[in-house]
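Structural features, examined
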Amino acid sequence: MGTTVEITFPLGRYHATPWDAGANSGYVEWPPSPWRVMRALLAVAHARFMDVDRTIALLGRLGNPSAFESAPIARGSTRHYMPDLKHRRDGRGGTDLVIDSYVSITQRTSMPDLRIHWDVDLTEDELKLLMLLVENLPYLGRSESVCDAVVAEHAAQPESTWWRIGAVGDGVETVELLGAEGVPTQTELE
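Just so we're clear, the structure is a prediction, and the values are computed from it rather than from any experiment.

1. Regarding the packing of helix α1 (residues 34–47) against helix α2 (residues 52–62)
Two elements in contact, α1 and α2, have axes whose closest approach is 9 Å; the angle formed by their N-to-C orientations is 165°. Taken together, the axes of α1 and α2 are roughly antiparallel relative to one another. Crossing geometry of α1 relative to α2 is assigned as right-handed. Contacts between α1 and α2 involve Met 38, Leu 41, Leu 42, Ala 45 and His 46 from the first element and Val 52, Thr 55, Ile 56 and Leu 59 from the second.

2. Overview of the packing of α1 against helix α3 (residues 124–135)
With their axes 9 Å apart at the nearest point, α1 and α3 run at an angle of 90° to one another. In terms of axis orientation, α1 runs roughly perpendicular to α3. Residue-level inspection shows Leu 41, Val 44 and Ala 45 of α1 in contact with α3, the latter providing Leu 130, Leu 133 and Val 134. Looking at the contact of α1 with α3 residue by residue, the classes come out as six nonpolar, no polar and no charged.

3. Section: the sheet that holds strand β5 (residues 95–105)
Ordered by their spatial adjacency, three strands build an open sheet running β2-β5-β4, and the pairing between neighbours is antiparallel. What marks the edges here is a single partner per strand, and that holds for β2 (13–14) and β4 (73–83). Bridging between β2 and β5 involves two bridges; their strand directions are antiparallel. Looking at the pairing, Arg 13 lines up with Ser 104 of β5.

4. A closer look at the pattern of salt bridges
Proximity of charged atoms lets side chains of opposite charge pair with each other. A complete count under the given rule lists seven salt bridges for this structure. The partner of Glu 69 in a salt bridge is Arg 115, with the nearest N and O atoms 3.2 Å apart. Here Glu 69 is found in strand β3 (residues 67–70), whereas its partner Arg 115 is found in strand β6 (residues 114–118), with 46 residues between them in sequence. In this structure Arg 115 comes out as buried when scored by relative accessible area, which is 15%. The residue Glu 144 makes a salt bridge to Arg 142 at a minimum N-O spacing of 3.4 Å. Residue classification places Glu 144 among the partly exposed residues on the basis of a relative accessible area of 33%.

5. A few points about the nonpolar core
General note: in soluble globular proteins, nonpolar side chains tend to be found buried as a group. With 41 residues, the main nonpolar core has Ile 7, Phe 9, Tyr 14, Leu 130, Leu 133 and Leu 140 as its most contacted residues. For this core, the secondary-structure elements that each account for two or more residues are β1 (3–8), α1, α2, β5, β6, α3 and β7 (148–151). With eight residues, α1 is the single largest residue contributor to this core. With near-sequence residues (within four places) excluded, Phe 9 lies in contact with Tyr 14, Trp 30, Ile 105, Gln 107, Asp 113, Leu 114, Leu 140, Ser 145, Val 146 and Cys 147.

Rules used in this analysis
Residues numbered from 1 in each chain as written. Predicted model: local features only at pLDDT ≥ 70, side-chain atom pairs only at ≥ 80, totals over all residues. Heavy atoms only, no water. Axes fitted to C-alpha atoms, helices over the stretch in contact; angles between N-to-C directions. Helix = DSSP H or I, 4+ residues; strand = E, 2+ residues; numbered from the N terminus. Parallel < 35°, antiparallel > 145°, perpendicular 65-115°, else oblique. Left-handed = near helix turned anticlockwise from the far one by under 90°. Contact = heavy atoms within 4.5 Å. Nonpolar A, V, L, I, M, F, W, Y, C, P; charged D, E, K, R; others polar. Pairing = 2+ DSSP bridges. Salt bridge = Lys/Arg side-chain N within 4 Å of Asp/Glu carboxyl O. Buried < 20%, exposed > 50% of the residue type's maximum accessible area, 1.4 Å probe, protein only. Core = buried A, V, L, I, M, F, W, Y, C linked by side-chain atoms within 4.5 Å.

Below is the structure:
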């Protein structure tokens, strides 16, 4: 059966730079890496004064998601100037040209923008904790990536259209994502 989290991005965009890329690289991490999801949920536990030890145990039990399902996306970017370190000291105001790369998500009426699935059945207490964490998740990726997230009432059954961790072969798009190797520790996640 497993556990599925459903995420909608009301602004229709997802902003996140991959872990091995520079901020101005123009790359966007899609789908969100397992490591990013884990760290976001741990951040919620810290921000909402939830039990961090229980959260880390839950994240270790879940591990890397086994599958992702996504609405159609398009990659895009904007270029604009941001104040730099000399901005207040220089009479002209120092600025730097930056690239803001994002994924534009085609909104679906009957489906969430993103579904993340783990092949793990949780206990009732673990499920309650995950529901609290997910429902208090304000954004995923950079702060512009506002999201609404819930634990699905019925776990999804990933099929061939889903992105599968470790799937390779002809006609399969390969994407590198940062994930946990084994059970992550609090130090590693923070």
